[in-house]
Amino acid sequence: MSSIIEIDNIITVGDLADKLMLPVTKLIAELMKNGVMATVNERIDFDTAQIIVGELDLDVELKKKDTESSTTPRQRIIASEKATPRPPVVAVMGHVDHGKTSLLDAIRGSELTKAEAGGITQHIAAYQVEHNGRFITLLDTPGHEAFAALREHGAQLTDLVIIVVAADDGVKPQTIEAIRFARKANVRIIVAINKMDKEGADSNQVKQQLAEQKLLVEEWGGDIVALEVSAKTKKGVNELLDMILLVADVEDLRADNNVPAKGLIIESHMERGRGPVAVALIEEGTLHSGDYVVTGATYAKIRNLESTNGKTIRDAGPSTPVVITGFKSLPEFGDEFIISVDEKTARQEAKTIDIGRKSEGRSDIGNSELIRMINRHNQVSEFNVIIKTDVQGSLTSVVDSLRTLDTEEVVVRVVASGVGPVNENDVHLARSSSAIIYGFNVPVPPNIKQLAVRDRIRIRMYKVIYELIDDTKDEMSKLLVPEIIETVMGQLVVKGVFKTTKTEVICGGEVTKGKLVMPALARVIRDKQELAEVEVTNLKRGTQDTKEVFEGEMCGMSLKYSSRVDLVIGDRVELFTRETKERKL
Ligand code: GDP
């Protein structure tokens, strides 16, 4: 009898080789024979693994691990007797272009400007609006995948999902996906039938289509609340907010304010001048400015606690999204945070988690999917493609292979995909989404070729999958921010300042470290603090211009700055070069 080996839906080549007790080279060779160019760390999916195992004629049977049950969402916190009502946490989902963003804007626009002067200018993963004197927390998650990803992290963070369906377009694939997610997460659904102002809006048809998905609206005897709205005219938006609060009351959402605060990191990024910044959603307890927070392998003494519209606050309670600064390194999206009694304990706790994670071999790359979804607004570049293939099977494998190429900086976005020849629609879509069309074993009719040339749309044809993958990697590499390499050459200690103008300062001093070579940039440092970055425009040994001065020598130097620096004796000037280097995936 063959032995059964359980693996995850996605597994690295190395791990699979381990499980099969095979040399990894043998596995790689077999993958190559099947047209899959993979290295040890490459991730392959279950189906590929199964094919390879079949080809290898091993006496094993692969079985997919039941991830559903192994990642059952963490139970929502059961509130104690002392718990008080908390705001509902709401996510908005739906098919692309059905009006999620517009609806969120309509809610935020009308409510927030009333509640908070100034409003929000910048995108943030979550925020609160006030309605009838009560708060509602809205998650502005970029899509279903983010929601699913949070769930995979064991997070049950949403109380309610609003599924937006355009009344003139009806239930579409992503609507169905959203319904599936909401069901899986066991959260309440409210349907917002949007674009009711449009001609052709047909809410009955939407309700019919919802019924086909087993979502029966109240007036048809079901228990799903469906509201007609228009994000454009704001009609129905107030009723939607009323309904959210009503559902919150029915669900009796409560949390304890008087327990140590805990919650989840729902966004994190580096900010110039502020360092690591995290957006966290508090689940229970009250978080105070100055608290010690531990999350994953990092910790913070909260330097500044802010609401997500940028106001400094002293404390925040359950279901409130907050912005936290003061972390030692970037917190990870989806990680839980807890508070700690003091700095020493916080540091120790973070260290323990760090060691634990390293021994688990956990890598940040594994989270690329999460990071990709949530960091959409953190300048992740997207490479847009439209994929056409001859058969469904190759479509699936092309799309799956492209998925594995995502990194934290650049991701592949499959704008559209389908089986059949490249057609006019594909070209139009490519134009509006700045995408490249990749055809795999499909023809391009001559008239479509002409159209593409006219519209300057790139169509590329492939017969071998790894050529498609290689080209994708090249295209994605072009989107990477080039690497900046700074090399410190040497340092001068200022012994005299001769002349200061609006744009320039001329000084003299001794080279105490390394050597100074022109051309160069420099940092002016005083008491370990960097004051300014300047450009070195001239270097003199004695009265002679020179290109090089060595350690121990005295020299004169002209520095050009964009904002005036008043050099004083004792300042240090550190010379460095900065190069940019193209990167490749
Ligand atoms: P999302 O992809 O679901 O976030 O959709 P958007 O909010 O970006 O909306 C897609 C398009 O539909 C935009 O051009 C919106 O202006 C438009 N739209 C959204 N809501 C409405 C609405 O209620 N009425 C009308 N007429 N247009 C809407």
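Small disclaimer: the values here were computed from a predicted structure and weren't measured.

A. Expanded view of the sheet that holds strand 22 (residues 410-419). Taken together, 4 strands build an open sheet; the order of strands is 22-21-23-24 and the sheet is parallel. The sheet is open, and its two edges are formed by strand 22 and strand 24 (459-462), each paired on a single side. Pairs of neighbouring strands in the sheet enclose a mean axial angle of 25°, with direction left out of account. Across 5 bridges, strand 21 (residues 381-389) lies against strand 23 (residues 436-440) in parallel orientation. Counted as the bridge partner of Lys-388 is Gly-439 from strand 23. Across the face of the sheet, helix 15 (residues 465-478) comes into contact with strand 21, strand 22, strand 23 and strand 24 while running at roughly 165° to strand 23.

B. Main features of the site of the ligand. Around the ligand sit 15 residues in total, of which Asp-97, Lys-100, Thr-101, Ser-102 and Asp-197 are the nearest. The backbone of Asp-97 places a nitrogen or oxygen atom 2.7 Å from an oxygen atom of the ligand. In isolation the ligand has 580 Å² of accessible area, and contact with the protein removes 71% of it. Considering each element in turn, the shell around the ligand owes the most residues, 3 residues, to helix 5 (residues 100-115).

C. Spotlight on the pairing of strand 31 (residues 554-560). Of all 7 residues making up strand 31, 5 are buried, and the element is well covered by its neighbours. Sheet topology places strand 26 (residues 504-517) next to strand 31; 7 bridges connect them, and they run antiparallel. Within strand 31, the residue paired with Cys-507 across the bridge is Met-557. Here strand 28 (residues 529-541) pairs with strand 31 via 5 bridges, running antiparallel. Paired with Asn-538 across the strands is Ser-558, a residue of strand 31.

D. Inspection of the packing of helix 12 (residues 392-403) against helix 15 at higher detail. For the pair helix 12 and helix 15, interaxial distance at closest approach is 10 Å and the crossing angle is 35°. Between helix 12 and helix 15 lies a crossing whose hand is right-handed. Side by side, helix 12 and helix 15 meet where Ser-397, Val-398, Ser-401 and Leu-402 of the first sit next to Ile-465, Leu-468, Ile-469 and Thr-472 of the second. Its residues placed into classes, the contact of helix 12 with helix 15 shows 5 nonpolar, 3 polar and no charged.

E. Molecular detail of the sheet that holds strand 7 (residues 126-131). If you trace the 6 strands from one edge of the open sheet to the other, you get 7-8-6-9-10-11, paired in mixed fashion. Looking along the sheet, the strands with just one partner apiece sit at the ends: strand 7 and strand 11 (225-228). Direction aside, neighbouring strands of the sheet carry axes that sit 30° apart on average. Where strand 6 (residues 89-94) meets strand 8 (residues 134-139), 3 bridges bridge the pair, whose relative direction is parallel. Along strand 8, the bridge assignment pairs Val-89 with Thr-137. The sheet strands contacting helix 7 (residues 173-184) are strand 6, strand 9 (160-166) and strand 10 (188-194), and the helix crosses strand 9 at an angle near 165°.

F. Summary view of the packing of helix 13 (residues 424-433) against helix 14 (residues 446-454). Between helix 13 and helix 14, whose axes approach to 9 Å, the crossing angle comes to 15°. As the angle between them shows, helix 13 and helix 14 are arranged roughly parallel. As for the relative orientation of helix 13 and helix 14, their crossing is right-handed in sense. Between helix 13 and helix 14, the residues in contact are Glu-424, Val-427 and Arg-431 and Ile-448, Leu-451, Ala-452 and Arg-454, respectively. The class makeup of the residues in the contact of helix 13 with helix 14 is 4 nonpolar, no polar and 3 charged.

G. Just the pattern of salt bridges, in detail. One pass over the structure, following the stated rule, counts 28 salt bridges. Across the salt bridge formed by Glu-486 and Arg-578, the nearest N and O atoms sit 2.8 Å from each other. Of this pair, Glu-486 sits in strand 25 (residues 483-500) while Arg-578 sits in strand 32 (residues 572-581), and the two are 92 residues apart along the sequence. Take Glu-486: its relative accessible area is 37%, and that puts it in the partly exposed class. One connected set of salt bridges, linked through shared partners, spans Arg-458, Arg-460, Asp-471, Glu-475 and Lys-478.

H. Structural view of unusual backbone geometry. The omega angle of the peptide bond from Met-518 to Pro-519 is -10°, so this bond is cis rather than trans. Relative to the assigned elements, Pro-519 resides in the loop between strand 26 and strand 27 (520-526). At Lys-528, a residue that is not glycine, the phi angle is positive and equals roughly 65°. The exposure class of Lys-528 is exposed, given its relative accessible area of 78%.

What counts as what
Residues numbered from 1 in each chain as written. Predicted model: local features only at pLDDT ≥ 70, side-chain atom pairs only at ≥ 80, totals over all residues. Heavy atoms only, no water. Pairing = 2+ DSSP bridges. Helix = DSSP H or I, 4+ residues; strand = E, 2+ residues; numbered from the N terminus. Axes fitted to C-alpha atoms, helices over the stretch in contact; angles between N-to-C directions. Contact = heavy atoms within 4.5 Å. Near = heavy atom within 4 Å. Polar contact = N/O pair within 3.5 Å; in protein donor to acceptor, adjacent residues only side chain to side chain. Areas by Shrake-Rupley, 256 points an atom, 1.4 Å probe, with all protein chains shown as cover. Buried < 20%, exposed > 50% of the residue type's maximum accessible area, 1.4 Å probe, protein only. Left-handed = near helix turned anticlockwise from the far one by under 90°. Nonpolar A, V, L, I, M, F, W, Y, C, P; charged D, E, K, R; others polar. Parallel < 35°, antiparallel > 145°, perpendicular 65-115°, else oblique. Salt bridge = Lys/Arg side-chain N within 4 Å of Asp/Glu carboxyl O.

Note that all results are geometric; they support no functional claim without further evidence.
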